[in-house]
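Residue-level structural notes
Residue-level listing of the chains:
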Amino acid sequence: QTDSARIVGFEVKPFSVKHEYEGEWSDKKTRLTSCDPHAKRTVTSSNNPQEVEEKQEIIFTYDVEFQESDVKWASRWDTYLLMSDDQIHWFSIVNSLMIVLFLSGMVAMIMLRTLYRDISRYNELETQEEAQEETGWKLVHGDVFRPPIHSDLLCVYTGTGVQCFGMIVVMMMFAVLGFLSPSNRGSLMTAMLFLWVFMGLFAGYASARLYKMFKGTEWRKIAVRTAFLFPGSVATLFFILNALIWGQKSSGAVPFGTMFALAFLWFGISVPLVFVGSYVGFKKQVIEDPVKTNKIPRQIPEQAWYMNPIFSILIGGILPFGAVFIELFFILSSIWLHQFYYIFGFLFIVFIILVVTCAEITVVLCYFQLCSEDYLWWWRSYLTSGSSALYLFLYATFYFFTKLEITKPVSGILYFGYMFIASYAFFVLTGTIGFYACFWFTRLIYSSVKID
């Protein structure tokens, strides 16, 4: 038992008071008649307000009153972190689960009924005439694993997506277990930066493995592009936005020392780890295709209007965005309206739903695409789920005009600049999930049929 005490909360009551004093003003000796601690006279209301006029004296004062509290030190944040609207989060999860169940039903139907029937029929074909009459996804077996155009860029973006995915999974686990306390502001961002840097190892490994599968030979080139393309574009935009804040002489600008520390993390740790990962990945055994690729590309037949690449890509992004948009509202409010967001349990569930939704919608659309004898699935699988980032940015624009009262041009540029960075990262994350889902799906189905 000691005489010392801990402050577990505070309440601020502002009043407007026209203060009065006797004699000449002296910084140390003047005693106010309207607020005198010696006479136990404190300000409790704004009955005598101060009118602000040009060249008029304004005196600022404050009183502090300590009261004993029953709140324990460990529970001091409960006031801010109590969820009064947890029902809407449950509604969000139920809404997302409905989407997942619908997609899972479609995937199950494709995998168990259609694919099983297809594979059985393809494997039972006896004569050459029967094989020639067949249509569907088996016909493109000689082209389905043909390397896509700009395959280097696909490798880079896939590696970056693996880096994003690893960072988010580990950070979510730390947050759910309670390691990231709200009393330490900025701990979430610090954890994200450090995890991003160390996940460079997996980015290099993933991009080099894919690059070797596409018959690439210059692994150093792919490592450099993986280490600099995404982080470089984000860092450039961040520096421009920070320069705008510097120009406004705002205290919110990132100091030069912090910028130097970020550059050190990037060049000193992340870049070498990407090179190490690329080296290890390139030394691994090449990923063998389940079927051989023909030397001459097959002609793709004319597609129905609903199988148009732009249309199917835009349709594919709606469901992953629909799974997260309610939770997105609370995240945007916590960032731009200075509210606390600390329901990482809900967020982790929504993230799992997002991963499943991205994977399933891409697999469904990829199957329909292959059935219509269009084998250009590599980039389309990435862009189908990645297009949800476009809807995220459009929602951020809607949020700006309906919820925020930002009038200064610089503030508007900052908002859209930071939301563009967030949408870009979301594109890389969701695109990679969709790509790997299709990568697994195509290898699975083509390894299940007998190819003569």
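See the structure shown above.
Anyway, here's the lowdown on the structure attached to this text. What you see is a predicted model, and the numbers here were worked out from it, not measured in a lab. (Residues numbered from 1 in each chain as written. Predicted model: local features only at pLDDT ≥ 70, side-chain atom pairs only at ≥ 80, totals over all residues. Heavy atoms only, no water.)

Examining empty space enclosed by the protein
Stated precisely, the cut-off is as follows: Using a 1 Å grid laid over the protein atoms alone, points where a 1.4 Å probe fits but cannot get out form a cavity; open sets with protein on both sides within 12 Å along at least 5 of 7 lines form a pocket; any residue with an atom within 4 Å of a point counts as lining. Grid points are joined across faces, edges and corners, and a volume is the space filled by probe spheres set on the points. Going along the chain from the N terminus, every DSSP run of H or I of four or more residues is numbered as a helix, and every run of E of two or more is numbered as a strand. Residue polarity is assigned by list, with Asp, Glu, Lys and Arg as charged and Ala, Val, Leu, Ile, Met, Phe, Trp, Tyr, Cys and Pro as nonpolar; anything else, Gly included, falls into the polar class.
According to the stated counting rule, one finds 1 cavity of 30 Å³ or more in the structure shown. Empty space within the largest cavity amounts to approximately 60 Å³. Taken together, Ser312, Thr362, Leu365, Cys366, Gln369, Trp377, Arg380, Ser381, Thr384 and Cys438 make up the lining of the largest cavity. Secondary-structure elements contributing two or more residues to the lining of the largest cavity are helix H11 (344-371) and helix H12 (378-386). If one sorts the elements of the lining of the largest cavity by residue count, H11 sits on top with 4 residues. For the lining of the largest cavity, the class distribution of residues is 4 nonpolar, 5 polar and 1 charged.

Description of the environment of Leu392
This is how the line gets drawn: Any two residues whose heavy atoms approach within 4.5 Å at even a single point are treated as in contact.
Along the chain, Leu392 turns up in helix H13 (residues 388-403). Beyond its immediate chain neighbours, meaning those up to four positions away, Leu392 contacts Phe321, Leu328, Met419, Ser423 and Phe426.

Regarding the nonpolar core
This is how it is decided: To define a nonpolar core, start from buried Ala, Val, Leu, Ile, Met, Phe, Trp, Tyr and Cys residues and group those joined through side-chain atoms within 4.5 Å. Summary of the burial criterion: residues with accessible area below 20% of their type's maximum are buried, those above 50% are exposed, and those between are partly exposed, where the area comes from a 1.4 Å probe applied to protein chains only.
Formed by 90 residues in total, the largest nonpolar core has its most connected members in Leu370, Trp377, Trp378, Val428 and Tyr446. For this core, the leading source of residues is helix H14 (residues 409-446), giving 18 residues. Setting aside residues no more than four positions away along its own chain, Trp377 makes contact with Val144, Phe145, Cys366, Gln369, Leu370, Phe435, Cys438, Phe439 and Thr442.

Details of unusual backbone geometry
The residue His150 is not glycine, and still its phi comes out positive at about 50°. Relative to the helices and strands, His150 resides in the loop between helix H3 (128-133) and helix H4 (151-176). Even without being glycine, Glu373 reaches a positive phi, approximately 65°. Examined against the element boundaries, Glu373 turns out to sit in the loop between H11 and H12.

Overview of the layout of surface pockets
Approximately 1800 Å³ is the volume attributed to the second largest pocket. Taken together, 37 residues form the lining of the second largest pocket, with Phe10, Glu11, Val12, Asp63 and Glu65 sitting closest to its centre. Split by residue class, the lining of the second largest pocket holds 19 nonpolar, 11 polar and 7 charged.

Brief notes about the packing of aromatic side chains
Any two aromatic rings considered together are summarised by their centre-to-centre distance and by the angle between their planes. We count it as follows: Between 30 and 60 degrees the pair is tilted, below 30 it is stacked and above 60 it is edge-to-face, where a pair is any two Phe, Tyr or Trp rings, Trp via its six-membered ring, whose centres lie within 6.5 Å.
Under the criterion given, the structure shown has 44 aromatic pairs. Here Trp219 and Phe275 contribute two aromatic rings whose centre-to-centre distance is 6.4 Å and whose plane-to-plane angle is 70°, an arrangement assigned as edge-to-face. Here the residue Trp219 occupies a position in helix H7 (residues 219-247), and Phe275 occupies one in helix H8 (residues 256-283), the gap between them amounting to 56 residues.

Considering a nonpolar patch on the surface
Spelled out, the test is: Any residue with relative accessible area above 30% and no salt bridge may belong to a patch, with like charges joined within 9 Å and the nonpolar Val, Leu, Ile, Met, Phe, Trp and Tyr side chains within 5 Å. All accessibility values rest on the Shrake-Rupley procedure with a 1.4 Å probe; residue burial counts only the protein chains present in the view. The term salt bridge refers to a pairing of a side-chain nitrogen on Lys or Arg with a carboxyl oxygen on Asp or Glu at a separation within 4 Å.
Residues Leu201, Phe202, Val276, Tyr279 and Val280 make up a contiguous nonpolar surface patch of about 420 Å² in total accessible area. Among the elements of the structure, helix H6 (200-213) and H8 are those that each provide at least two residues to the nonpolar patch. Element by element, the count of residues in the nonpolar patch is highest for H8, at 3 residues. You can see Val276 is positioned in helix H8.

Things to note about the packing of H4 against H11
To keep things clear, this is the line we draw: Axis lines are fitted to C-alpha atoms, over the contacting stretch for helices. Their N-to-C directions set the angle, which ranges from 0 to 180 degrees. Should an angle lie under 35 degrees it is considered roughly parallel, over 145 roughly antiparallel, and from 65 to 115 roughly perpendicular; all remaining angles are considered oblique. Definitions for this section: a left-handed crossing has its near helix turned counterclockwise from the far helix by less than a right angle. A right-handed crossing has that turn clockwise.
Where H4 contacts H11, the two axes come as close as 9 Å, and the packing angle between them is 150°. By the criterion of interaxial angle, the relationship of H4 to H11 is roughly antiparallel. Here H4 and H11 pass one another in a crossing that is left-handed. On H11, the residues touching Phe165, Ile168, Val169, Met172, Ala175 and Val176 of H4 are Phe344, Gly345, Leu347, Phe348, Phe351 and Val355. Here the contact of H4 with H11 is composed, by residue class, of 11 nonpolar, 1 polar and no charged.

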